[in-house]
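Report on the structure
In case you want the letters, here they are:
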Amino acid sequence: HPEGGDFGRAGAFAAAAGAAVPRWRPRRRQGWPQELGAWLAALPRPCGIWAANDAAGLHLIEACRAQGLAIPGELAVLGCDDDEFLCRLSDPTLSSVAAPAYAAGRAAAAMLAALLAGRRPAAPELPPPRLVVRASSDGSAAEDALVAQALARLSGEHEVGTVAGLARRLGVSARSLERRCRKAVGETPGALLRRRRLEQAQHLLAGSGLGVAAIAARCGYANASRLGEAMRRATGLSPRAWRRSCG
């Protein structure tokens, strides 16, 4: 972690992963960017790096770029907390672990209320974290620069458009984009776009107060029923049930 925080989280990760996993932390307050750059340059490649929060993930990406390291081809970067502003500010956009912060806060408040009432608090039940994949860890199309650019656009754009619109922004025909996507990742642009729509809808259901109809419209679904069908096919849950499962 470049800024010296979240060592409890980083320490727990290192303990779970084992001593064989390289870990970096600054030795001094001044000069840590140079230390980090030297450490990155010495790592075996390709490899993946997890940062204890998204701000640290941005520092990692900046340090990789300063060293001329390709992301994610040589080093994939993963943050934590899924701060959407920071993750989309990054270039490439930052993949992140979405911790159930709101659910943890409610559980902590319930435990405190129980203690104040003289009761023994129940053990909290928290939903598992989710991995939100963006361009910094999606190396599936690294061999085709156009397809890699298409995936990066799908990962980085907040509003989801159409395959024709994506092809137009990339300067190729929809047919050419489909052929190259099939060859590079074994999927059509339409399948990639549908997955992106669903991921964005799940993200908004878990982390926003928007209604299901508003989320459906924002993510390119014709209506809330179409979003519900896609959610049930992928997860077995309705949008509202998915939202409840995320706390």
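The structure presented is a predicted model; accordingly, all values stated were derived computationally and were not measured. Each chain carries its own residue numbering, running from 1 in the written order of its sequence. Reporting in this predicted model follows two pLDDT cut-offs: at least 70 for local features of residues, and 80 or more for side-chain atom pairs to be given and counted; totals over whole chains, interfaces and linings ignore these cut-offs and use all residues. Side-chain measures here rest on the full set of heavy atoms in the structure, leaving out hydrogens and waters.

What follows concerns helix 8 (residues 174–185). Every α-helical turn comprises 3.6 residues, leaving residues that sit three or four positions apart pointing alike. Helix and strand definitions follow DSSP, with helices as H or I runs of at least four residues and strands as E runs of at least two, each counted in order from the N terminus. Here a helix's expected span is defined as the number of its residues, less one, multiplied by 1.5 Å. Relative to the 16 Å expected for 12 residues at 1.5 Å per residue, helix 8 spans 16 Å between its end C-alpha atoms, a close match to the ideal helical length. For helix 8, the complete set of buried residues consists of S176, L177 and C181. The arc enclosing the buried residues of helix 8, seen along the axis, measures out at 130°, which places them on a common side. Looking at helix 8, the residues exposed on the side facing more than 90 degrees away from the buried face are R175, R179 and K183. Partly exposed residues are those whose accessible area sits between 20% and 50% of the maximum for their type, while under 20% is buried and over 50% is exposed, using a 1.4 Å probe and protein chains only. Working definition: the arc comes from the directions between the helix axis and the C-beta atoms, pointing outward to the latter.

Because side chains alternate across strand 3 (residues 95–98), one face comprises the buried residues S95 and V97, and the other comprises S96 and A98, equally buried. Strand pairing is assigned whenever DSSP identifies at least 2 bridges connecting the two strands. Judged from the three bridges that link them, strand 2 (residues 75–80) and strand 3 form a sheet pairing that is parallel. Bridge pairing in strand 3 places C80 opposite V97. The β-α-β motif built from strand 2, the intervening helix 4 (residues 84–89) and the parallel element strand 3 has right-handed crossover chirality. Pairing between strand 3 and strand 4 (residues 130–132): three bridges, direction antiparallel. Along strand 4, the bridge assignment pairs A98 with R130. Every crossover in which the path from the first strand over the helix to the second runs clockwise, viewed with the strands pointing away from the viewer, is termed right-handed.

For the rest of this paragraph, the subject is the pairing of strand 1 (residues 47–50). With four bridges joining them, strand 1 and strand 2 adopt parallel strand pairing. For G48, the partnering residue across the bridge sits in strand 2 and is A76. For the crossover from strand 1 across helix 3 (residues 54–66) to strand 2, the handedness is right-handed.

Attention shifts here to the pattern of salt bridges. Only one rule defines a salt bridge in this text: a Lys or Arg side-chain nitrogen within 4 Å of an Asp or Glu carboxyl oxygen. Within this structure, the stated rule accounts for five salt bridges. In this structure, the salt-bridge partner of D82 is R134, at a minimum N-O distance of 2.8 Å. Here D82 is found in the loop between strand 2 and helix 4, whereas its partner R134 is found in the loop between strand 4 and helix 6 (145–156), with 52 residues between them in sequence. Each member of the pair, D82 as well as R134, carries the same accessibility label: buried. For the salt bridge of E178 with R182, the shortest nitrogen-to-oxygen distance reads 3.4 Å. Residue E178 and its partner R182 are located together in helix 8, separated by four residues, close to a single helical turn.

To continue, consider the state of the cysteines. Whenever a pair of cysteine sulfur atoms sits within 2.5 Å, that pair is classed as a disulfide. Applying the stated criterion across every chain, the model contains zero disulfides. Take C47: it sits in no disulfide, and the sulfur closest to it among the cysteines is that of C64, at 8.4 Å. Counting only cysteine sulfurs, C80 is the nearest neighbor of C87, a cysteine outside any disulfide, at a range of 9.8 Å. Residue C87 is classed as buried on the basis of its relative accessible area, which comes to 0%.

With 19 residues, the main nonpolar core has L36, L40, I49, L60, C64, L75 and L94 as its most contacted residues. When residues of this core are traced back to their parent elements, those giving at least two are helix 2 (32–42), helix 3 and strand 2. Tallying contributions element by element places helix 3 first for this core, with six residues. Setting aside its immediate chain neighbours within four residues, L94 contacts D54, G57, L58, I61, V77, L78, G79, C87, R134 and S136. By nonpolar core is meant a set of buried Ala, Val, Leu, Ile, Met, Phe, Trp, Tyr and Cys residues that side-chain atoms within 4.5 Å join together. By size, the runner-up hydrophobic cluster in this structure holds 14 residues, among which are L198, L205, A216 and C246. It only takes one pair of heavy atoms within 4.5 Å for two residues to be counted as in contact.

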